[in-house]
Structures are given as structure tokens and as C-alpha cells.
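Residues per chain, in single letters:
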Amino acid sequence: MSRVIVIGAGAGGLAAAARLAVKGHSVQVFEQSHRVGGKLATYRKGGFAFDTGPSLFTLPAVYRDLFLKTGSSFEEEVDLQEVEPAFGYRFADGSEVTLPGVNPARCAAALGEALGADTERDWRALMDRAGKMWRLTREPFLQSPLDGWKTLLPLAKPADVRTIAPWSTLRGLGRSMLSDPRAVTLLDRYATYTGSDPRKAPAVLATVPYVEQEFGAWHLGGGLGTLADALERRCLDLGVDIHTGTDVTNITTNDVGVTGVVVGGEHHACEIVVANADAGTVYHDLLDDPRARKAARSIDRSDTSLAGFVLLLAVRGRTPGLQHHNVWFPENYDDEFDSIFGRDPRPVEDPAIYVCAPDDPLMRPDEDHESWFVLINAPRHDLEGGVDWTHAGLADSYADHILDILARRGTDVRNRIVWREVRTPADLEDSVRAPGGSIYGTASNGPRAAFARPANRSPVPGLFLVGGSSHPGGGLPLVGMSAEITASLIGRA
Ligand SMILES: Cc1cc2nc3c(=O)[nH]c(=O)nc-3n(C[C@H](O)[C@H](O)[C@H](O)COP(=O)(O)OP(=O)(O)OC[C@H]3O[C@@H](n4cnc5c(N)ncnc54)[C@H](O)[C@@H]3O)c2cc1C
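Nothing here was measured: the structure is a model prediction, and the numbers come from that model.

Calculation notes
Residues numbered from 1 in each chain as written. Predicted model: local features only at pLDDT ≥ 70, side-chain atom pairs only at ≥ 80, totals over all residues. Heavy atoms only, no water. Helix = DSSP H or I, 4+ residues; strand = E, 2+ residues; numbered from the N terminus. Contact = heavy atoms within 4.5 Å. Polar contact = N/O pair within 3.5 Å; in protein donor to acceptor, adjacent residues only side chain to side chain. Core = buried A, V, L, I, M, F, W, Y, C linked by side-chain atoms within 4.5 Å. Buried < 20%, exposed > 50% of the residue type's maximum accessible area, 1.4 Å probe, protein only. Salt bridge = Lys/Arg side-chain N within 4 Å of Asp/Glu carboxyl O. Near = heavy atom within 4 Å. Areas by Shrake-Rupley, 256 points an atom, 1.4 Å probe, with all protein chains shown as cover. Nonpolar A, V, L, I, M, F, W, Y, C, P; charged D, E, K, R; others polar. Pairing = 2+ DSSP bridges.

Caption draft 1: Structural detail: the environment of Tyr440. The residue Tyr440 is located in the loop between α15 (425–432) and α16 (449–452) in this model. In sequence terms Tyr440 and Thr304 are 136 residues apart; their C-alpha atoms lie 8.0 Å from each other. Leave out the neighbours within four places in its chain, and Tyr440 touches Thr192, Tyr193, Thr194, Gly195, Ser305, Arg453, Gly468, Ser469, Gly474 and Gly475. Of note is the side chain of Tyr440, whose polar atom sits 3.4 Å from the backbone oxygen of Tyr193.

Caption draft 2: Region of interest: the nonpolar core. Among the nonpolar cores identified, the biggest contains 133 residues, and Phe57, Tyr63, Tyr89, Leu227, Val274 and Trp372 are the most heavily contacted of them. The element contributing the most residues to this core is helix α5 (residues 117–142), with 9 residues. Ignoring sequence-local partners within four residues, the contact set of Tyr89 consists of Ser95, Glu96, Val97, Leu99, Leu186, Arg189, Tyr190, Glu212, Val327 and Phe329. Core analysis: the next-biggest nonpolar cluster, separate from the first, contains 23 residues, Val248, Val261, Cys270 and Ile299 among them.

Caption draft 3: Quick peek at the pattern of salt bridges. The full count for this structure, using the stated rule, is 32 salt bridges. Of the charged contacts in the structure, one is a salt bridge between Glu120 and Arg124, with a shortest N-O distance of 3.8 Å. With Glu120 and Arg124 both in helix α5 and 4 residues apart, this pair spans about one turn of that helix. Here Glu120 falls in the partly exposed class, since its relative accessible area comes to 25%. A relative accessible area of 44% places Arg124 in the partly exposed class.

Caption draft 4: Summary view of the site of the ligand. Surrounding the ligand, one finds 34 residues, the nearest of these being Gly12, Glu31, Gln32, Gly468 and Gly475. Separating a nitrogen atom of the ligand from a backbone N or O atom of Leu56 is a distance of 2.9 Å. The backbone of Gly475 places a nitrogen or oxygen atom 2.8 Å from an oxygen atom of the ligand. Notes on the ligand: free accessible area 1000 Å², of which the protein chains cover 94%. Every element with two or more residues in the shell around the ligand is listed here: α1 (11–22), β2 (26–31), α15 and α17 (476–490). Among the elements that line the shell around the ligand, the one with the most residues is α17, at 3 residues. Taken together, the residues of the shell around the ligand break down into 15 nonpolar, 15 polar and 4 charged.

Caption draft 5: Just the pairing of strand β7 (residues 87–90), in detail. Because side chains alternate across β7, one face comprises the buried residues Phe87 and Tyr89, and the other comprises Gly88 and Arg90, equally buried. Of the strand pairs in this sheet, β7 and strand β8 (residues 96–99) are connected by 4 bridges, and their pairing is antiparallel. Counterpart to Phe87 in the pairing with β8 is Leu99. Counting the residues that bridge the hairpin from β7 to β8 gives 5 residues, and of these Gly94 lies at a positive phi of roughly 95°. Judged from the 4 bridges that link them, β7 and strand β16 (residues 325–328) form a sheet pairing that is parallel. Bridge assignment links Gly88 to a residue of β16, and that residue is Asn326.

Given below as C-alpha cells:
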């Protein structure tokens with residue numbers, strides 16, 4: 001039996017802790033905040049409830065596997081609900097499409113009906129190709145430890161390489177397979193699920209809409225934060241010691257490998273450390289070990305992922321036509337990516353607006369109110385030449401600006417707001433130690449990005465990484481896969 005210390009109780013940290021406890025290790029978790037879950041959280045106030053991090057749950061198979069292998073079924077622990085219909089998209093030219101929650105063919109038919117028959121045919125072909133990409137990459141890449149380019153050696157067949165098209169961007173794939181520019185815009189948006197720019201992110205990200213449409217869009221009754229509660233319960237049932245309000249300031253090492261962590265000036269010895277904290281923070285701030293320098297430099301060379309500007313709106317009355325997930329696209333989507341990833345980062349003037357408004361009785365005070373989680377992609381908080389999101393008045397005036405744009409795009413909610421709260425990238429940095437408020441650690445900008453992500457096994461023996469800033473990436477499904485990879489690298493006690 002090894003003593004394992006997990007730094008951080010995000011979804012990745014808790015999932016790894018549960019898997020390692022089942023493998024017979026003695027596991028302690030240190031979490032700096034006063035609650036578990038990290039970015040995964042449901043905020044409740046006055047009968048209104050908002051998922052302030054993940055609001056769309058995909059690929060439940062990952063958490064089904066986790067719960068089953070650590071005790072009992074997922075469905076016994078959370079109220080898993082299919083979202084149907086799932087998405088309402090409004091384009092800048094006024095056209096709209098409502099997409100079902102599951103089945104690529106039904107989604108293609110809905111797109112065809114709204115945007116024209118060519119789009120149905122195009123989207124079917126795209127999802128067909130994306131399905132092939134998914135089957136080729138799931139096991140060797142997403143569910144295996146990272147080993148540089150060698151990770152993709154199982155795909156050495158030329159036909160497989162052509163399917164993945166590692167030299168193509170998501171935008172390039174969209175332009176080559178979709179004749180309607182609105183469908184290209186729709187596909188572009190999936191790059192932002194990994195915090196990236198569709199003009200640089202790899203074509204293989206077409207697997208993101210494929211997974212959403214093939215395996216469904218899901219909600220958890222009461223909010224996605226109930227997953228954090230379920231993960232915590234599972235860990236406690238397995239004897240994991242969880243300490244909240246405990247800040248790990250150092251990971252200690254010797255010539256052999258890790259020796260423990262320092263919390264509040266006190267050294268806690270262990271044989272294995274699993275860091276769920278941001279990988280950049282681990283290599284730059286928590287660790288002082290020459291074996292980690294190369295990994296630290298590799299993170300420095302990567303683009304950081306985009307951040308998010310969040311509005312929580314307690315809304316009076318019901319909004320006609322509102323779906324569970326809603327997106328209002330701007331006229332010029334590229335301006336959003338230039339504003340975020342360009343040389344002169346600035347809040348996006350005319351952004352895509354995402355609203356999650358679950359029709360969930362546990363998330364609103366009564367039938368006559370709605371809880372709106374509004375998310376706008378944003379440049380990270382950066383006091384050195386970037387956007388200072390703490391600048392007096394900026395958050396409030398930007399929130400007003402967003403509500404004005406939404407009104408111009410046909411949904412005026414301004415005189416129905418009972419109260420509102422604003423969360424900036426600086427707030428996310430403060431609350432869960434996400435540097436700059438970046439949602440996903442490093443972005444997938446460029447063909448090498450996926451292979452340059454911090455690996456789950458660090459160069460320091462005994463130190464492992466888990467979670468959205470390490471392999472295979474961010475978002476709840478990949479974070480869950482990351483926990484599985486890390487736990488299997490560590491192995492049984
Ligand atoms: C606004 C927003 C919207 C999102 N939307 C979606 C979505 O719809 N669907 C989806 O699947 N995903 C979504 N995501 C992404 C998803 O939330 C994350 O990828 C996932 O929750 C990350 O989990 P994690 O375990 O990697 O890390 P985190 O949740 O970041 O947890 C890391 C934990 O480590 C703790 N920690 C850090 N440093 C220390 C230290 N030194 N000592 C002790 N503790 C420390 C932090 O406090 C934190 O609790 C969204 C995220 C955000 C912010």
C-alpha cells in the first residue's frame with residue numbers, strides 16, 4: 001500500500017482518489033478551497049440555481065465506468081436526464097435551428113430543415129467522418145498515456161492518417177465539408193469546448209459534436225454540481241481523507257522522487273503525489289526540481305486556453321422559445337478569436353452568447369422564473385499587457401453591454417432581471433486557482449498541442465498529473481479519462 005496525496009478536489013482529483021482507494025492505496029486529498037468540485041459547481045441563491053462551471057454533460061459512460069468500478073452504479077448517485085431538445089442556435093442573419101439531444105442523423109435533418117437540404121447531406125458526411133476519427137483516436141490517444149507522437153503509432157495506416165488529417169484545422173475541415181457558412185460557424189464553436197481557436201485547432205475536434213450527438217447531451221437533476229457531491233460521497237465511502245481549506249504550497253522531492261507535500265508549513269510524507277492543480281502551477285510554483293524544467297518550458301510554449309465571462313441572471317417570467325442550451329452567434333465570429341488570442345487581447349465586442357437555462361424544478365424557485373447561466377468567451381485575466389478583469393467598472397459595464405447585444409439579437413431580458421451576479425476570469429483564478437481564469441489549461445491551438453500537453457506521468461518519479469490541464473484535456477469526460485489513465489499508471493497497491 002502506498003500513501004497517496006492528491007492536490008485538489010476537482011472532478012479529476014476526486015475521480016483519481018476514488019480509483020486509487022479501490023486499488024488499495026491510502027489516499028488523502030488536500031483542497032485549498034472550502035468546498036470540493038473545483039470548476040464543477042452549482043451555485044444556489046434564493047431558490048435559483050446555476051451551474052457555474054460545466055453546464056453540458058456528455059459521454060456519461062466515463063462516469064458510469066468510474067462509479068461502477070468503485071462501488072455502485074452512476075444512476076443510483078445522480079439524477080441523469082437526457083436533454084431533449086438540447087440546443088437552440090440563432091445565427092446573425094436571423095435563421096434559427098433547434099437541435100435534438102441525440103442522434104447525428106436527427107441533428108442533420110434538423111439542420112437541413114433550417115438551413116437547406118445541402119446542409120443535411122453535408123452534416124451527415126461530416127459526422128460520418130468524425131465517427132471514424134473517434135473510433136481511431138479514442139483508445140490509443142484519449143484513453144492511453146501520452147507518449148509524444150508515438151501515441152499515434154497505431155494509426156500508421158495511410159487511410160487512417162487521411163481520416164484524422166493531422167495537418168488540417170477544424171475550420172479547414174468545416175470549409176471543405178460544409179457548404180453553408182452557418183454550418184461552418186456551428187462547427188467552429190466546438191473548438192471553444194477545448195478553449196481553442198477553430199482556425200488553429202485540429203480537425204479531429206470534429207469528434208466533439210460527434211460525441212455530443214451520438215452519445216447525447218445530458219443534464220443532472222439539481223445541477224451538474226451534484227456530480228461533485230456524488231464523487232465526494234464515493235471517496236468518503238472508500239475511506240479517502242478529504243481536507244478542505246488546505247493549501248499545498250510545495251511538493252517535496254529527493255534524488256529518488258517525490259517525498260511528500262507541504263501544507264500550512266507542515267510536511268506530509270507520501271510515496272505518490274497526484275496533482276489535480278493546474279499543470280503550469282505544479283511545474284512552476286509547487287515543484288523545485290530540475291527534472292521538471294523541460295515540462296515547464298513546454299507549457300510556456302503553448303497557448304493558454306480561453307477564459308469565460310459569466311453572468312448569473314435570476315429572471316422573472318418564462319422566455320418563449322428558450323431551450324436548455326442556447327447560442328446567439330455574432331456577425332463576425334473571427335473577431336471573437338482575434339480578440340481572445342490576438343496580440344492585443346480585449347473583451348469581445350460582439351461575442352457569441354451562450355445561455356444555459358435548465359427547465360429543472362430544482363434549479364428555479366417556481367414555474368414563473370428562470371435561472372440563466374450566461375457564458376461569453378473571454379481573454380484571460382492578465383495584468384501584464386492583457387485584460388485586467390478587476391479594473392473598476394469593467395465587469396459591470398461589460399455585463400450591461402452583453403444584455404444590450406442580446407436585446408438587439410431579439411431576446412430582451414433586461415426588465416425581467418430580479419438580480420444578477422457577474423463572475424470574471426479573475427474570479428475563476430481566485431476561487432479555483434486556474435491561472436488567468438483559463439478554463440482548460442493550455443489550448444489545442446496547432447497540430448502539436450495535443451502531444452505537448454503535460455503527460456499524466458511527470459518526469460519526477462512518484463508525481464502524477466490529473467485533470468483538465470493535463471492529458472487528454474479539459475471538459476468532464478476527458479478529465480474522467482485522465483483519472484483512469486493516472487490510476488492505471490500508478491496501479492494496484
Ligand atoms: C465556465 C465554465 C464552463 C464549462 N463548461 C463545461 C461544460 O459545459 N462541459 C464540460 O464537460 N466541461 C465544462 N467546463 C470544464 C470543466 O469544468 C473542467 O474541465 C473540469 O471541471 C476540470 O476539472 P479538474 O479536476 O481538472 O480541475 P479543477 O476543477 O480546476 O479542480 C482543481 C482543484 O485543485 C484545487 N487546487 C489548486 N491548487 C491547489 C493547491 N495548491 N492546494 C490545494 N488545492 C489546490 C483547486 O481549488 C480546485 O478545486 C467548464 C468550465 C468552466 C469554468
